[in-house]
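Structural overview
The primary structure of each chain is shown beneath.
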Amino acid sequence: MSSSPMSSDPTAPASRPKTTGLHQGEVRPGVAKVDPILIADGVKRQFGGLTAVDVDHVEIPRNAITALIGPNGAGKTTFFNLLTGFDKPNEGEWSFNGRSLSGMPAFRVARLGLVRTFQLTKALGLLTVLDNMKLGATGQRGERFWTSFLPFLWRGQDQEIEARARDLLMRFKLDAKEADFAASLSGGQRKLLEMARALMGEPELVMLDEPMAGVNPALTQSLLDHILDLKDQGMTVLFVEHDMHMVRHIADWVIVMAEGRVVAEGPPDTVMKEQAVIDAYLGAHQDVDLGVVTGRVKGEHTTAERELLEEIEDVEEEGE
Amino acid sequence: MDILQILSNTAAQILSPTTIGFVLAAIGLAVHFGFTGLLNMGVAGFMAVGAYGFAISILTFGLPWWVAAFIGILAAVVFALILGIPTLRLRGDYLAVVTIAAAEVVRLLFLTTAFRPVTGSADGLSGFHTDFRASNPLPQFSGNVGFGPWSYSRDQWWVIIVGVILVVIVLLFVWALMRSPWGRVIKGIREDEDAVRALGKNVFSFKMQALVVGGVIIALGGIVTAMGTNVNPNVYVTSQTFYIWTALLLGGAATIFGPVLGAVLFWVVRALLSNLLPALVNIGALPFLSGEQSQMLVFVLIGLALMLLVIFRPQGILGNRKELTFVK
């Protein structure tokens, strides 16, 4: 996936303390949390013969940043869709704040305070940035058909919403763009807008699907800060991400999925050292510079690279 | 060739009940397509439901004209619900397929001889104007009154007045809707309904409301047309739907006045061509055409115009130029 801008960035937002002590008992896949906000049980989704998601048990800790990682096709986005009501599982139960969400349509899930963003950003292109934001507010009186003709019933509320939207736009440094069509924003700005718009609904749990995909390094920094801010404001964040440096920097807890199952979870420092995770996700040769191995880039061969070269030679000999 | 007569015929078309009906139908389609993004290909069906609801209520049930108009509207609401409930949860293109089929079903139901006593079958319905004309508050006069090409009889003026008042009310109504938070949600759905769903809006319910509102406005178009002329199943064919689409796209789909301008322009151009081309044939200016062929050529040119319009100015005459830069 995207390269790792954070590694070369000396002002990475790692200075904020991580939340620890989230789990109860031994760390293993499906471990119970001290204060879970979301609990999923036996959630299974099949597409024909393919089982895309098969999660036995998983709990998302409250007021922490949880990363959901895994290789492409691991079922992360499908799991997101299931949890937020955008897709229906073949079986399974899941609850948010102790309230069952099974079979609940997506819009009602969002109203309960579980708001998501999308991997492919969904900025509403031909609406202005400000209108995009105002759309995010829930419980608007003017959105009911019969009261929409009577501005005096909703104008006051609309002005409050507008003030809140401007406030958020300021925080996300999009205030100069408020009158522009969302379609005129850059990819990174759209990501920011989508996140800001999600916050208009005052969610408890924010689910971000690859918030960093396609965002340039200059914006990555501010996006990371915004995600950390969410936790400071008492929200819970669950995000899917491929950038391991980002996961290490901001996640308090990491859940690893592979082939639809939760294969490991734990605090980022420990879980990323687990052999199962390295094999499933990072690949066995993650430290190897392929450029050096193939001779395209000049450089000293490290032990790992020499091992890989020997392995390749072995395979080639067997082939002959 | 009488140029003045041709221009006069063309100008008279602007205020004809058919044009006013077209204007209303185009406004309704703007609510569907321009603002909500619903691909309604059954515009003629909604118009037919309104027109027949109006005519049948008077002829078969002997109701006063304004009650009959209300029943025409109610019929459009029911039609919208029947179409919307199974299709609005599906992807947009399904609505297009279902509406085009439903409009044909409606037309064939009105055409079949099985219901001849009620629907008049292929002859359509006529002679239901007595009550409407009796309610005309204009002072008695005989012959045509007006100025220049816009001279009409007392009955015709009454239809025009009712039609124009309806257009103004509907325009105000759509304008008030679209500047409200309700309109914001509707436009959001047009851009991306999943995004709107993720923000806690009941997208299905909003689309249903928009389908009903637009459907009622289209049915009003059918009713106004019926007030001025007879009701005939051959009017409500699929090409009628495409003419209204042409009118809407010509004016600008996501605008308030676009459909009005588009529908009027459509009829002006159509009236001009269908007067001008046969006249040109008569004086021998188009030796390769017969009089009948020249009438057909009008529709060929309209089809060509629609294609050119969609390719070169997809936002329409009144559409926002900025929007063109970001065509999806």
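What counts and how
Residues numbered from 1 in each chain as written. Chains lettered and ligands numbered in written order. Predicted model: local features only at pLDDT ≥ 70, side-chain atom pairs only at ≥ 80, totals over all residues. Helix = DSSP H or I, 4+ residues; strand = E, 2+ residues; numbered from the N terminus. Buried ≥ 20, exposed ≤ 12 C-beta atoms within 10 Å, placed from the backbone. Contact = placed C-beta atoms within 7 Å. Core = buried A, V, L, I, M, F, W, Y, C linked by C-beta atoms within 7 Å. Domains from an automatic or database assignment. Axes fitted to C-alpha atoms, helices over the stretch in contact; angles between N-to-C directions. Parallel < 35°, antiparallel > 145°, perpendicular 65-115°, else oblique. Pairing = 2+ DSSP bridges. Left-handed = near helix turned anticlockwise from the far one by under 90°. Nonpolar A, V, L, I, M, F, W, Y, C, P; charged D, E, K, R; others polar. pLDDT = per-residue confidence, 0-100. Right-handed = clockwise from strand over helix to strand, strands pointing away.

Moving on: the overall build of chain A. Helices and strands together make up the secondary structure of chain A, namely eleven helices and ten strands. When burial is assessed residue by residue, chain A has 43% of its 320 residues classed as buried. Of the contacts formed within chain A by residues at least 6 apart in sequence, a portion of 67% connects residues at least 24 apart.

The next point concerns the overall build of chain B. A count of helices and strands for chain B gives 15 helices and two strands. Its C-alpha atoms put chain B at 60 × 50 × 40 Å along the principal axes. Expressed as a percentage of the 328 residues in chain B, the buried residues total 48%. Taking all contacts inside chain B whose residues are at least 6 apart in sequence as the whole, residues at least 24 apart take part in 75%.

Moving on, we come to the nonpolar core. Counting residues in hydrophobic clusters, the biggest one holds 177 residues, and the most contacted among them are Val256 of chain A together with Leu24 and Ala26 of chain B. For this core, the element with the highest residue contribution is helix α11 (residues 203-228) of chain B, accounting for 15 residues. Each of domain 1 (1-123 + 193-284) and domain 2 (126-184) of chain A gives at least three residues to this core.

It is worth spelling out helix α1 (residues 76-83) of chain A at this point. Residues and elements named next belong to chain A. A large share of α1 lies buried, amounting to eight of its eight residues. For α1, the set of buried residues is Lys76, Thr77, Thr78, Phe79, Phe80, Asn81, Leu82 and Leu83. The positive-phi residue at the C-terminal boundary of α1 is Gly85, with phi of around 85°.

Let us now look at the packing of helix α8 (residues 154-178) of chain B against α11 of chain B. Residues and elements named next belong to chain B. The contact between α8 and α11 brings their axes to 10 Å, and the two run at 170°. Judged by the inter-axis angle, α8 sits roughly antiparallel to α11. Here Val159, Val162, Gly163, Leu166 and Val170 of α8 lie close against α11, whose contacting residues are Ile217, Leu220, Val224, Met227 and Gly228.

Residues and elements named next belong to chain A. Judged by pairing direction, the sheet is mixed, and its six strands sit side by side in the order β6-β7-β8-β3-β9-β10 without closing on themselves. At either margin of the open sheet sits one strand with a lone partner, and together these are β6 (114-116) and β10 (261-266). Here the average twist between neighbouring strands, direction ignored, is 20°. As defined by bridge partners, strand β9 (residues 253-258) adjoins β10 across five bridges and the pair is classed as antiparallel. Bridging from a neighbouring strand, Val254 pairs with Gly266 of β10. Its contacts with the sheet place helix α6 (residues 217-232) against β3 (65-69), β7 (205-209) and β8 (236-240), and it is angled at close to 145° to β8.

Residue and element names in this part refer to chain B. Where helix α12 (residues 238-251) contacts helix α13 (residues 258-282), the two axes come as close as 7 Å, and the packing angle between them is 120°. The angle between the axes of α12 and α13 places the two elements in the oblique class. In the packing of α12 onto α13, the handedness of the crossing is right-handed. Together, Tyr243, Thr246, Ala247, Leu248, Leu250 and Gly251 of α12 and Gly258, Pro259, Val260, Leu261, Gly262, Ala263, Leu265 and Phe266 of α13 make up the contact between the two elements. Residue composition of the contact of α12 with α13, grouped by class: ten nonpolar, four polar and no charged.

Our next topic: helix α9 (residues 181-191) of chain B. Residue pairs spaced three or four apart in an α-helix point in one direction, given the helix's 3.6 residues per turn. In terms of residue burial, α9 of chain B counts as a mostly covered element, since eleven of its eleven residues are buried. Among the residues of α9 of chain B, Pro181, Trp182, Gly183, Arg184, Val185, Ile186, Lys187, Gly188, Ile189, Arg190 and Glu191 of chain B are the ones counted as buried. Packing partners of the buried residues in α9 of chain B comprise α3 (129-135) and α4 (151-171) of chain A together with α2 (17-35), α8, α10 (193-198) and α11 of chain B.

Further remarks concern the environment of Pro314 of chain B. Residue and element names in this part refer to chain B. Relative to the assigned elements, Pro314 resides in the loop between α14 (291-312) and α15 (321-324). Here Pro314 falls in the partly exposed class, since 14 other C-beta atoms lie within 10 Å of it. Considered as a pair, Pro314 and Leu250 are 64 residues apart in the sequence and their alpha carbons are 8.4 Å apart.

Attention now goes to the interface of chain B and chain A. Listed per partner, the contact involves 26 residues of chain B and 29 residues of chain A. Among the secondary structure elements, those contributing two or more residues to the side of chain B that touches chain A are α8, α9, α10, α11 and α15 of chain B. The element that contributes the greatest number of residues to the side of chain B that touches chain A is α9 of chain B, accounting for seven residues.

This next bit is on unusual backbone geometry. Residues and elements named next belong to chain A. Notably, Glu202 is not glycine yet its phi reads approximately 45°, a positive angle. Here Glu202 is to be found in the loop between α5 (187-200) and β7. For Glu202, a count of 15 C-beta atoms within 10 Å corresponds to the partly exposed category. Its identity is not glycine, yet Glu210 carries a phi of approximately 50°, on the positive side. Along the chain, Glu210 falls in the loop between β7 and α6. C-beta crowding within 10 Å serves as the criterion here: with 23 such atoms nearby, Glu210 is assigned to the buried category.

Residue and element names in this part refer to chain A. Judged by pairing direction, the sheet is antiparallel, and its four strands sit side by side in the order β2-β1-β4-β5 without closing on themselves. Here the strands that pair on one side only, and so sit at the sheet edges, are β2 (50-61) and β5 (99-100). Sheet topology places strand β4 (residues 91-96) next to β5; two bridges connect them, and they run antiparallel. Among the inter-strand pairings, Ser95 is bridged to a residue of β5, identified as Ser100.

A separate point is the confidence of the model for chain B. Residue and element names in this part refer to chain B. For chain B, per-residue confidence averages 90 on the pLDDT scale, and residues scoring 70 or more make up 97% of the total. A low-confidence stretch, residues 324-328 (pLDDT under 50), is modelled with eight contacts involving residues beyond four sequence positions or located in other chains. Here the complex is predicted with pTM 0.87, and the ipTM for its interfaces comes to 0.85.

Residue and element names in this part refer to chain A. Within β8, five of the five residues are buried, which leaves it mostly tucked inside the rest of the structure. Of the two faces of β8, the one carrying Thr236, Leu238 and Val240 and the one carrying Val237 and Phe239 are both buried. Direction of pairing for β3 relative to β8: parallel, over a ladder of four bridges. Counterpart to Leu68 in the pairing with β8 is Val240. Both β7 and β8 contribute to a ladder of five bridges, which runs parallel. In the strand pairing of β8, Leu205 is matched with Thr236. Each parallel crossover has a hand, and for β7 linked through α6 to β8 it is right-handed.

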